[in-house]
Amino acid sequence: MSRPGVRTRLFALLRPRRRLFSVGLFCALIGSILDGATAALLIPILNLQCDGSLSGGDGSTWLGRTLARVLAPLVDGVPTNVATLRLVFLFLAALTIKIVASYTAAYISVLVQE
């Protein structure tokens, strides 16, 4: 890629499949975002199991405060077991979408390479 024109020739080969390549990049982006979201969703689930509150103690971290604020409409005013069940279903939905997006991105990557 250091010689002049190599990058131009590579992108010229990609031109007929640029829409497919863009969809693959978008799926990879969605998969990456949901990968972080599923890891972050474990925090309030575990907090509800340990101490029964969404923020987990004093809520001194930015992530804890943000998650408590975002998830409050979903879990406020319901018993702890119902709130936990809702968060688990949200976690499973995010995990399923992440897996489908990552698989689609990998599949499209193979299609573009061939």
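Residues numbered from 1 in each chain as written. Predicted model: local features only at pLDDT ≥ 70, side-chain atom pairs only at ≥ 80, totals over all residues. Heavy atoms only, no water.

1. Quick notes on the overall build of the protein
1) Next: Broken down by element type, the protein carries four helices and zero strands.
2) Next: Listing the helices and strands of the protein from first to last along the sequence gives α-α-α-α.
3) Next: C-alpha atoms of the protein, sized along the principal axes, occupy 60 × 25 × 20 Å.
4) Next: Of all 114 residues assigned to the protein, the portion counted as buried reaches 28%.
5) Next: In the protein, the share of contacts with a sequence separation of at least 24, taken over all contacts with a separation of at least 6, comes to 62%.
6) Next: Separation of charge centres in the protein, based on 11 positive and 5 negative side chains, amounts to 24 Å. (Helix = DSSP H or I, 4+ residues; strand = E, 2+ residues; numbered from the N terminus. Buried < 20%, exposed > 50% of the residue type's maximum accessible area, 1.4 Å probe, protein only. Contact = heavy atoms within 4.5 Å. Lys, Arg positive; Asp, Glu negative; His and termini not counted. Charge placed at Lys NZ, Arg CZ, Asp CG, Glu CD.)

2. Focus on the confidence of the model for the protein
1) Next: Averaged over all residues, the pLDDT of the protein is 86; the fraction at 70 or higher stands at 93%.
2) Next: By mean pLDDT, helix H1 (residues 6-14) is the weakest element of the protein at 78, and helix H4 (residues 80-113) is the strongest at 93. (pLDDT = per-residue confidence, 0-100.)

3. Remarks on the pattern of salt bridges
1) Next: Under the counting rule described, the total for this entry stands at one salt bridge.
2) Next: A salt bridge links Asp 35 to Lys 98; its shortest N-O distance comes to 3.9 Å. Taken together, the residues span a long stretch of sequence, with Asp 35 in helix H2 (residues 18-50) and Lys 98 in helix H4 at a distance of 63 residues.
3) Next: For Asp 35, a relative accessible area of 42% translates into the label partly exposed.
4) Next: On the basis of relative accessibility, which here comes to 16%, the residue Lys 98 falls in the buried class. (Salt bridge = Lys/Arg side-chain N within 4 Å of Asp/Glu carboxyl O.)

4. What about the nonpolar core?
Side chains of nonpolar character tend, in soluble globular proteins, to be buried together.
1) Next: Within the largest apolar cluster, 10 residues are counted, these being Leu 34, Leu 41, Ile 45, Leu 48, Leu 71, Val 75, Ala 83, Leu 87, Phe 91 and Ala 94.
2) Next: Sorting the residues of this core by element identifies H2, helix H3 (62-75) and H4 as the ones contributing at least two each.
3) Next: Other than its neighbours up to four places away in sequence, Leu 34 contacts Ala 94, Ile 97 and Lys 98. (Core = buried A, V, L, I, M, F, W, Y, C linked by side-chain atoms within 4.5 Å.)

5. Things to note about the environment of Ala 101
1) Next: In this structure, Ala 101 sits in helix H4.
2) Next: Assessed through its relative accessible area of 8%, Ala 101 is described here as buried.
3) Next: Between the C-alpha atoms of Ala 101 and Ala 28, which are 73 residues apart in sequence, the distance is 6.5 Å.
4) Next: Once residues lying within four places of it in the same chain are set aside, the contact partners of Ala 101 are Cys 27, Ile 30 and Gly 31.

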